[in-house]
Amino acid sequence: MIIPILRLGKILLTSIQQELTDADVLQLQSDLLRKVSEIEALGVIIDITALEVVDSFMARVINDTAGMARLLGAEIVICGVQPYVAMSLVEMGRDLIGADCVFNLDQGLKLLEARIAVRGDAILSLEGDEYARNDRP
Amino acid sequence: MREMIDPERVLIRDSTDIVRARAVARQVANQIGFTLADQTRLATAVSELTRNIVQYAGEGVCEIADASGEEEIRLRIIVEDNGPGIDDIDRAMKDGYSTGGGLGVGLPGTRRLMDDFAIESSPGCTRVSIALVRRRV
Ligand SMILES: Nc1ncnc2c1ncn2[C@@H]1O[C@H](COP(=O)(O)OP(=O)(O)OP(=O)(O)O)[C@@H](O)[C@H]1O
Ligand SMILES: [Mg+2]
């Protein structure tokens, strides 16, 4: 199964719309990282609103993906964790998800913009591909 | 007379079966009258145990049965395989112990999610029984 990855300027957005097999999850992880590196994305949003189960495997892949994206230079946020998913995750073990979470895409974009602004190495433009770099002395 | 739901047996061979098993668990739990939160706990537990089969045993079976009584609803799940077995169960039940590069939270997390949890293992047979029980309302 191919999960679409949308591009908004220097941000990548992917929305998981159905339950995924382990192979699908790992495929998405590598597609996402390849895309991050290809366009030098500054931020990634993964929308998991439709996921009814997040188990320890999924939690690990989410954490790993966040860590890998950061290594490449992108910020990452998870959005749309369902309440029952949150309950099960915390009951299983605290701190299973190490990435930052927000309610919705709108907040996700705002958080990424703020993060990227703090980094100060680039100015984000959602309109197109152009973005300006602050030339450091 | 209350209608009992026939037990379901799901064969576990690869990661697509994990998705199937947890969908069946959720559906049976829903039919018996478990809340969405409990359905999610059950689906998450099934996900953990069946993934362990795929990762460590190759193949096995997940049996999902309505074991409700007059006073309570009870879903009983047995996940069984004929793989190599777990040589030190106490260690396998510890948070963070994994021989597969995982978070090591599958077994201990499942125990925390469920009301009943029993595990027995010897070379050639590993069997985990879990149950969730709620008073009828
Ligand atoms: N069915 C099984 N057959 C053989 N060994 C198993 C089985 N289930 C679990 N184990 C062993 O017990 C260990 C702990 O299992 P547990 O599910 O808690 O963690 P994990 O699978 O390693 O990681 P996680 O579930 O967090 O992704 C496993 O690493 C494995 O060595
Ligand atoms: Mg496991």
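For clarity, every value in this text was computed on a predicted model and none was experimentally measured.

A.B. asks: Quick question: what am I supposed to make of the interface of chain B and chain A here?
C.D. replies: Bring the parts together and some accessible area is lost; that lost area is often taken as the interface size. Of the residues lining the interface, 23 residues belong to chain B; the matching set on chain A comes to 21 residues. Summed over both sides, the interface between chain B and chain A buries roughly 1900 Å², with carbon and sulfur atoms accounting for 56% of that surface. Together, B:R22, B:R51 and B:L103 form the three largest contributors to the area buried by chain B at its contact with chain A, with a combined 24%. The partner of A:E91 in a salt bridge is B:R41, with the nearest N and O atoms 2.7 Å apart. Our enumeration of links across chain B and chain A arrives at 10 residue pairs in polar contact (both at pLDDT 80 or more). Contributing elements (two or more residues each) for the side of chain B that touches chain A: α1 (15-32), α2 (36-57) and α4 (106-113) of chain B. Classifying every residue of the side of chain B that touches chain A gives 8 nonpolar, 9 polar and 6 charged.

A.B. asks: It is not clear to me how the nonpolar core should be interpreted in this structure. Could you clarify?
C.D. replies: Buried together is how nonpolar side chains tend to be arranged in soluble globular proteins. Counting residues in each nonpolar core, the largest one holds 62 residues, and the members touching the most others are B:C62, B:L75 and B:I77. Take this core: its biggest share by element is 7 residues, from helix α2 (residues 56-72) of chain A. Each residue touching B:I77, except ones within four places of it in the same chain, is listed here: B:A25, B:L42, B:V46, B:C62, B:E63, B:I64, B:V128, B:S129 and B:I130. The next biggest cluster of nonpolar side chains, apart from the first, holds 10 residues, and it includes A:I11, A:V77, A:C79 and A:I116.

A.B. asks: So what exactly am I meant to see when it comes to the state of the cysteines here?
C.D. replies: A covalent bond between the sulfur atoms of two cysteines is what we call a disulfide. Residue and element names in this part refer to chain A. Overall, the coordinates contain 0 disulfides over all chains when judged by the stated rule. A disulfide-free cysteine, C79 has its sulfur positioned 9.2 Å from the sulfur of C101, the nearest such atom. Exposure remark for C79: the relative accessible area of 2% places this residue in the buried category. The class of C101 is partly exposed, set by a relative accessible area of 42%.

A.B. asks: For this particular structure, what's the right way to read the pattern of salt bridges?
C.D. replies: Side-chain pairing between opposite charges can occur once the charged atoms of the two side chains come close. Applying the stated criterion to the full structure yields 23 salt bridges over all chains. A:R115 is paired through a salt bridge with A:E75; the nearest N and O atoms lie 3.6 Å apart. Placement of A:R115 in helix α4 (residues 105-119) and of A:E75 in strand β4 (residues 75-79) is noted, with a sequence separation of 40 residues between them. Taking relative accessible area as the criterion, A:R115 reaches 25% and is therefore assigned partly exposed. Here A:E75 falls in the buried class, since its relative accessible area comes to 12%. Note that A:D106 and A:K110 form a salt bridge whose closest N and O atoms lie 3.2 Å from each other. Taken together, the residues A:D106 and A:K110, both in helix α4 and 4 residues apart, mark about one turn of the helix. On the accessibility criterion, A:D106 (47% relative accessible area) is partly exposed. Residue A:K110 is classed as exposed on the basis of its relative accessible area of 54%. Within this structure, A:E91, B:D38, B:R41, B:D115 and B:R134 form a network of salt bridges that share partners.

About the cut-offs
- Residues numbered from 1 in each chain as written.
- Chains lettered and ligands numbered in written order.
- Predicted model: local features only at pLDDT ≥ 70, side-chain atom pairs only at ≥ 80, totals over all residues.
- Heavy atoms only, no water.
- Contact = heavy atoms within 4.5 Å.
- Buried area = accessible area lost by both parts, 1.4 Å probe.
- Salt bridge = Lys/Arg side-chain N within 4 Å of Asp/Glu carboxyl O.
- Polar contact = N/O pair within 3.5 Å; in protein donor to acceptor, adjacent residues only side chain to side chain.
- Helix = DSSP H or I, 4+ residues; strand = E, 2+ residues; numbered from the N terminus.
- Nonpolar A, V, L, I, M, F, W, Y, C, P; charged D, E, K, R; others polar.
- Core = buried A, V, L, I, M, F, W, Y, C linked by side-chain atoms within 4.5 Å.
- Buried < 20%, exposed > 50% of the residue type's maximum accessible area, 1.4 Å probe, protein only.
- Disulfide = S-S within 2.5 Å.

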